[in-house]
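If you want the building blocks of each chain, they are given just below.
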Amino acid sequence: MGRTVLLAAPRSFCAGVERAIEVVERVLAEDEADADRPVYVRKQIVHNRHVVADLEARGAVFVDELDEVPDGATVVFSAHGVAPQVRADAAARSLRVVDATCPLVTKVHAEARRFAGRGDTIVLVGHAGHEEVEGTLGEAPDRTVLVETAEDVARLHIEDPLRVSYLTQTTLAVDEVGEVVDALRERFPALRGPGSDDICYATTNRQEAVAAVARDADLVLVVGSANSSNSVRLVELTRRLGTPAHLIDDASEIDPAWLAGARVIGLSAGASAPPRLVEEVIDALRALGPVTVEERRVAAEHQQFSLPSAIRT
């Protein structure tokens, strides 16, 4: 018997990820004539091990912190953004900075500064330890508190309940954030939020797309790395809809036992996963028998972000 693959669309790279990768590629091209001037990248440029390995093979040096970067060297900031203190440290070290922060993350940082500037306590909805969250917290550390769930909201103590704002990590599950924001509004009726949703268009679109295939699938495979927040959310959302789902870095991680009895397989990929990995999964399934591919598209994406001015043209 053949299988049907329901291909969620949109999937794979978003505009912010494409921009961040292009930033590193361009900086590498600038410095390729000088092997003694490696290009450093603080943290993973995007959360995908295949992307990182490819850029490492081309000469990028990934570091956890700036103290691993020699004075005066070139460093790229990842798509997830950094706290102002990191920028200050780079300036003090005379590092040449090329900022690949996603513009949608930059928007959240600007909102944090605006809310803090008017005296609000900022409730940031996000996952502790995530690089994007660390960067946003750094914009107003004395005025920001982090919550992950609606239960966390019940434990909040805020000095002035009339001056409360909220922001969110851009890669969260839309339905779960809604629950947290509802809990915040119930506790703090004067709550103010961003002018537009902080959860980015790509995260929302991929969640809607995976939901569209999950309802008709026996199994859903999501291509993405384990540290990719938006990829993990796709798996969690699918499971909440009642469909078994697994996160895989690539086709080599497919467990044949998952496929037993699965005639319809949903397939998606997080916003940081290269499109070629999705094609490789389809090829791996075809190696097991006939496969019919049907795409389920819920939105068209035409977003493009300009490159940072620090890159020479």
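Residues numbered from 1 in each chain as written. Predicted model: local features only at pLDDT ≥ 70, side-chain atom pairs only at ≥ 80, totals over all residues. Heavy atoms only, no water.

**Section: the sheet that holds strand β6 (residues 121-125)**
Two pairing modes exist for strands in a sheet, parallel and antiparallel, and in both the strands are linked by backbone hydrogen bonds.
Working step 1: In space, the 3 strands of this open sheet follow the order β7-β6-β8, with parallel pairing throughout. This sheet does not close on itself; its edge strands, each paired only once, are β7 (144-147) and β8 (164-168). Strand after strand, the sheet turns through a mean of 25° between neighbouring axes, direction not considered.
Working step 2: Pairing geometry for β6 and β7, over 4 bridges, is parallel. Within β7, the residue paired with Ile122 across the bridge is Thr144.
Working step 3: Across the face of the sheet, helix α4 (residues 103-117) comes into contact with β6 and β8 while running at roughly 170° to β8.
Working step 4: Of the strands in this sheet, β6, β7 and β8 touch helix α7 (residues 174-187), which is tilted by about 175° from β8. (Pairing = 2+ DSSP bridges. Helix = DSSP H or I, 4+ residues; strand = E, 2+ residues; numbered from the N terminus. Axes fitted to C-alpha atoms, helices over the stretch in contact; angles between N-to-C directions. Contact = heavy atoms within 4.5 Å.)

**A closer look at the side chain of Arg42**
Working step 1: Note that Arg42 resides in strand β2 (residues 39-42).
Working step 2: There is a polar contact of 3.2 Å between the side chain of Arg42 and the side chain of Glu65.
Working step 3: Discounting residues that sit within four places of it in the chain, Arg42 has contacts with Val63, Asp64, Glu65, Leu66, Val75, Val76, Phe77, Ser78, Val82 and Val86. (Polar contact = N/O pair within 3.5 Å; in protein donor to acceptor, adjacent residues only side chain to side chain.)

**Comments concerning the pattern of salt bridges**
Working step 1: Tallied over the full model, the rule gives 25 salt bridges.
Working step 2: Ionic pairing is found between Lys107 and Glu111, a salt bridge with its closest N-O pair at 2.8 Å. Of this pair, Lys107 and Glu111 both sit in helix α4, 4 residues apart, roughly one helical turn.
Working step 3: A relative accessible area of 6% means that Glu111 is categorised as buried.
Working step 4: Three or more residues are tied together by salt bridges with common partners; here these are Arg118, Asp120, Arg163 and Arg192. (Salt bridge = Lys/Arg side-chain N within 4 Å of Asp/Glu carboxyl O. Buried < 20%, exposed > 50% of the residue type's maximum accessible area, 1.4 Å probe, protein only.)

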